[in-house]
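# Chain and residue survey
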Amino acid sequence: MEKVVLLHGALGSAENFTILAQLLQPNFEVFTLNFEGHGQNHSPQNILTIEGFAQQVLAFLDENNIETINVFGYSMGGYVGLYLAKNHPERITKLFTLATKLQWTPEGSQKEAALLNPETIKEKVPKFASALKIRHGENWETLLRQTAAMMLGLGQSPVLKNADFAQISLPVLMAVGDKDAMVSFEETIAVYRQLEQGQFLVIPNTQHPIEKVNPEELAHQIRRYFNA
């Protein structure tokens, strides 16, 4: 049976994939993990980086005696997947990214980071603050600040430069929702066209938040791609 690991996005957790994992289990051996600082994987003193998340995935594969695996990455998880595809292609069979931000600029990262102010969130969207506290525990405010810092760093010096994508030789499917307000068709297509074995997919009636993605449709696309 094929193996697949599901990588969540920034401020998410493995729990985002509960339904999706159940839908995939008849066809795959499914693995999930919480990135450092997310869920109950607390590390308030550590600096969060894409490179660090990638090393965490490699350690997870080693701990589970997995030589190679299919990777599905949502949003930031897709960026981690692309970093692994570029730097550790021997560990990945195929990669499927969804709603992954690829163009990081100082202006864009500042705009995204500004949305992660804990005090503003507590004041203006208390329900979201409560949800973050439930998901990440008392660490949630620290996680927001660390994530904002990571985004600002990506804006100043993206981990993946444009030239890096052309060096990815393994099969990659890049998907974006047609109603995604954060990730554009243009940036996704620009990277897809550089990939040696790239495919591009638009998922209809789909916004950016993983909670807005239809799990049955996503499971169908994952089965179609990884079992091809």
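Preceding this section is the structure that the text describes.
Here the structure is a predicted model, which means the values were calculated and not measured.

To continue, consider the environment of Met 151. Of note, Met 151 is situated in helix H7 (residues 140-156). As for Met 151 and Phe 128, which are separated by 23 residues in sequence, their C-alpha atoms are 20 Å apart.

In this structure, Ile 50, Val 80 and Leu 82 are the most contacted members of the largest nonpolar core, which totals 49 residues. For this core, the secondary structure elements donating two or more residues are strand S1 (3-7), helix H2 (50-63), strand S3 (69-74), helix H3 (76-87), strand S4 (92-98), helix H6 (126-136), H7 and strand S5 (172-177). With 24 residues, the next largest nonpolar core counts Val 4, Ala 21, Leu 173 and Phe 226 among its residues.

What follows is about the pairing of S3. The buried fraction of S3 is high, at six of six residues. Burial along S3 is two-sided: Ile 69, Val 71 and Gly 73 facing one way and Asn 70, Phe 72 and Tyr 74 facing the other are all buried. Here four bridges tie S1 to S3, and the two strands are oriented parallel to one another. Bridging from a neighbouring strand, Leu 6 pairs with Phe 72 of S3. The sheet contact formed by S3 and S4 spans five bridges and is parallel. Across the sheet, Tyr 74 pairs through a bridge with Leu 98, a residue of S4. With respect to chirality, the unit in which S3 leads through H3 into the neighbouring parallel S4 is right-handed.

Turning next to the sheet that holds S5. Taken together, six strands build an open sheet; the order of strands is S2-S1-S3-S4-S5-S6 and the sheet is parallel. The outermost strands of the open sheet, each flanked by one partner alone, are strand S2 (29-32) and strand S6 (198-203). Strand-to-strand twist in this sheet, taken as the mean axis angle between neighbours without regard to direction, amounts to 20°.

What counts and how
Residues numbered from 1 in each chain as written. Predicted model: local features only at pLDDT ≥ 70, side-chain atom pairs only at ≥ 80, totals over all residues. Heavy atoms only, no water. Helix = DSSP H or I, 4+ residues; strand = E, 2+ residues; numbered from the N terminus. Core = buried A, V, L, I, M, F, W, Y, C linked by side-chain atoms within 4.5 Å. Buried < 20%, exposed > 50% of the residue type's maximum accessible area, 1.4 Å probe, protein only. Pairing = 2+ DSSP bridges. Right-handed = clockwise from strand over helix to strand, strands pointing away. Axes fitted to C-alpha atoms, helices over the stretch in contact; angles between N-to-C directions.

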